[in-house]
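If you want the building blocks of each chain, they are given just below.
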Amino acid sequence: MEPNKAAPTLIDPELYPYCDKGLEGIVAFSSRKSFIDGAKGELIYAGYSIETLAEHATFEEVCYLLWHERLPDQAELDALHAGLQAERGIPETVTAYLKSTNPKSEPMSVLRTAVSMLADEDPDAEDMGAEAQLRKAIRLTAKMPTIIAAFDRVRNGKDIVTPLAKGSTAYNFLYMLNGEEPGSHAERVMDLCLVLHAEHGMNASTFTARAVCSTMSDMHSAVTGAIGSLKGPLHGGANTAVMEMLMDLHEDTDIVAFVKGKLERKEKIMGFGHRVYKTFDPRATQLRILAKDLAREVGKEYLYHWSEAILKTMKEEKNIDPNVDFFSATVYYSMGIMPDLYTAIFAMSRISGWTAHYIEQLNNNRLIRPRQLYLGAKGLDWTPVEAR
Ligand code: CMC
């Protein structure tokens, strides 16, 4: 019996009129958090273009914008900074877990487990009230950089650096990662990366967060699921994969032949293509400039040249443009950050968008429960195990 071959006759077009694989054509939510015009290459967070935010906003201002759908005044921004600073510490149980991890563990897997553990000591864990949601959003945003930096220190045999009760998220992350306070340029670059990765419509991880939320489950569960979704190489995991690809190249590599070879073998070039953008991702435009400057600063200009050659070949061969993950890899690498941390840094920023969507979903909730097109058989007779 080959049930799938018989499937078309079993489909009832009245019951299942349309199946959209990948949900490409489905609008399942309304949101005030962000807007993408994929044809024009435009991205807006709650009214402000990504270019405006990249020029003027800090990550903390973007967090406030996403959570409240307006910019904070000075007192509100100061209060948010103070709230984040006060919440940077992580529970002893999480520190003990990080110390017990295998140094070869994948950072996103460790982050996923550690974030899930945070619920255990969060006094608001099961409180579904609006104020508790905001407190949890601040706590998660404050603690994720501490977890990522602590894991990196531990796996490299270094002491964990206690977060400072001062400074920005970007500043503290670099401080905890490197054990020394960063210069203002490094802080600004990291801050800009956080601004650029904070929010992006109904991407797979945000969808995951909203789907978990729609069952009225707690914020930690939604964020844990979102981290798992972001980890995949078709989503946030692409930035690490881009760096691995660049690290496989050397000065004699014929980049055109390299790209063509991959395409002929039907392999994806990581950091290219997008479900929504049909032109240059505007975040890639910003990161391209940063990548060029930083690679030159640290004497790794070859990385930028290789990236540009890949970009040109992809455009000529497939007419596909880069996404946010392509140049961010060179930016982080030039900052001396280990490639396998890049997706976790993405998560450290996207927590603002996930939690904003979680709160928005909760305020206008309906269970997310699509249908499936059944392709299997029906009415089979039972065969006892000894007769199969
Ligand atoms: N390299 C080579 N070919 C590609 C690529 C790529 N990176 N992306 C798309 N294509 C081709 C694909 O092979 C297909 O060609 P054809 O029609 O000839 O079979 C066509 O473009 C459509 O691609 P698709 O995979 O059906 O498009 P999708 O909308 O389902 O997937 C995507 C979007 C992002 C998963 C895909 O472009 C991809 O796998 N890119 C590489 C991974 C990546 O960089 N992911 C990060 C996405 S942006 C940041 C984020 O959200 O995390």
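Fair warning: this is a prediction, and the values are worked out from it, not measured in the lab.

Parameters and conventions
Residues numbered from 1 in each chain as written. Predicted model: local features only at pLDDT ≥ 70, side-chain atom pairs only at ≥ 80, totals over all residues. Heavy atoms only, no water. Helix = DSSP H or I, 4+ residues; strand = E, 2+ residues; numbered from the N terminus. Rg over C-alpha atoms; globule rule 2.2 N^0.38 Å. Buried < 20%, exposed > 50% of the residue type's maximum accessible area, 1.4 Å probe, protein only. Areas by Shrake-Rupley, 256 points an atom, 1.4 Å probe, with all protein chains shown as cover. Lys, Arg positive; Asp, Glu negative; His and termini not counted. Charge placed at Lys NZ, Arg CZ, Asp CG, Glu CD. Pairing = 2+ DSSP bridges. pLDDT = per-residue confidence, 0-100. Contact = heavy atoms within 4.5 Å. Core = buried A, V, L, I, M, F, W, Y, C linked by side-chain atoms within 4.5 Å. Domains from an automatic or database assignment. Phe/Tyr/Trp six-rings, centres within 6.5 Å; stacked < 30°, edge-to-face > 60°. Lys NZ or Arg CZ within 6 Å of the ring centre and 35° of its normal. Salt bridge = Lys/Arg side-chain N within 4 Å of Asp/Glu carboxyl O. Near = heavy atom within 4 Å. Polar contact = N/O pair within 3.5 Å; in protein donor to acceptor, adjacent residues only side chain to side chain. Nonpolar A, V, L, I, M, F, W, Y, C, P; charged D, E, K, R; others polar.

(A) Expanded view of the overall build of the protein chain. For the protein chain, the count of helices and strands is 17 helices and 3 strands. Taking 21 Å as the expected radius of gyration for a compact globule of 388 residues, we find that the protein chain reaches 22 Å, a close match to that expectation. Viewed in the frame of its principal axes, the protein chain has a C-alpha envelope of about 70 × 55 × 50 Å. Sorting the 388 residues of the protein chain into buried and exposed places 51% on the buried side. Accessible surface computed for the protein chain: about 18900 Å², of which carbon and sulfur atoms make up 52%. Of the side chains in the protein chain, 42 bear a positive and 53 a negative charge, and the two mean positions are spaced by 4 Å.

(B) Region of the structure containing the sheet that holds strand 3 (residues 48-49). Strand order in the open sheet formed by 3 strands is 1-2-3, with antiparallel pairing between adjacent strands. Edge strands, defined here as strands with exactly one partner in the open sheet, are strand 1 (34-37) and strand 3. Note: strand 1 against strand 2 (residues 42-45), 4 bridges, orientation antiparallel. For Phe35, the partnering residue across the bridge sits in strand 2 and is Ile44.

(C) Local environment of the confidence of the model for the protein chain. On average, residues of the protein chain score 95 in pLDDT, and 96% of them are at 70 or above. Here residues 1-9 is a poorly scored stretch, pLDDT under 50, and it has 7 contacts once near neighbours within four places are set aside; other chains count.

(D) Examining the nonpolar core more closely. The biggest cluster of nonpolar side chains holds 110 residues, and the ones touching the most others in it are Leu111, Met190, Ile310 and Ile337. When residues of this core are sorted by domain, at least three fall in each of domain 1 (34-233 + 340-363) and domain 2 (238-334). Setting aside its immediate chain neighbours within four residues, Ile337 contacts Leu174, Leu177, Met190, Tyr332, Tyr342 and Ile345.

(E) Quick peek at the packing of aromatic side chains. Going through the model one piece at a time under the given rule, you end up with 6 aromatic pairs. Geometrically, the ring pair formed by Tyr302 and Trp306 is edge-to-face, given 5.0 Å between the ring centres and 65° between the ring planes. On the criterion of helical spacing, the pair formed by Tyr302 and Trp306 is a turn pair, its members being 4 residues apart in helix 15 (residues 301-318). What makes Trp306 buried here is its relative accessible area of 13%. Taking 5.2 Å as the distance between ring centres and 50° as the angle between the ring planes, the aromatic pair formed by Tyr332 and Tyr342 counts as tilted. In this pair, Tyr332 is assigned in helix 16 (residues 324-334) and Tyr342 in helix 17 (residues 342-363), connecting sequence segments 10 residues apart. Within the aromatic cluster, the residues linked to one another by ring pairs are Phe272, Tyr304, Phe326 and Phe327. Stacked on the ring of Trp382, the Lys or Arg Arg388 has its end atom at 4.8 Å from the ring centre.

(F) Layout of the pattern of salt bridges. Taken as a whole and assessed by the stated rule, the structure comprises 21 salt bridges. Between Arg139 and Asp122 there is a salt bridge, with its nearest N and O atoms 2.6 Å apart. Of this pair, Arg139 sits in helix 7 (residues 130-155) while Asp122 sits in the loop between helix 6 (107-118) and helix 7; the two residues are 17 residues apart in sequence, bridging distant segments of the chain. Comparing Arg139 with Asp122 shows no difference in burial state: the two are buried. Each of the salt bridges in this network shares a partner with another, and the network as a whole consists of Glu87, Asp122, Asp124, Arg135, Arg139 and Lys143.

(G) Looking closely at the site of the ligand. Taken together, 21 residues are adjacent to the ligand, and His235, Ile269, Gly271, Phe272 and Arg275 come closest. Lys268 has a polar side-chain atom sitting 2.9 Å from an oxygen atom of the ligand. Between the ligand and Phe272, the relevant distance is 2.8 Å, taken from a nitrogen atom to a main-chain nitrogen or oxygen of the residue. The protein chains hide 67% of the 930 Å² of surface that the ligand would expose on its own. Within the shell around the ligand, the residues separate by chemical class into 11 nonpolar, 6 polar and 4 charged.

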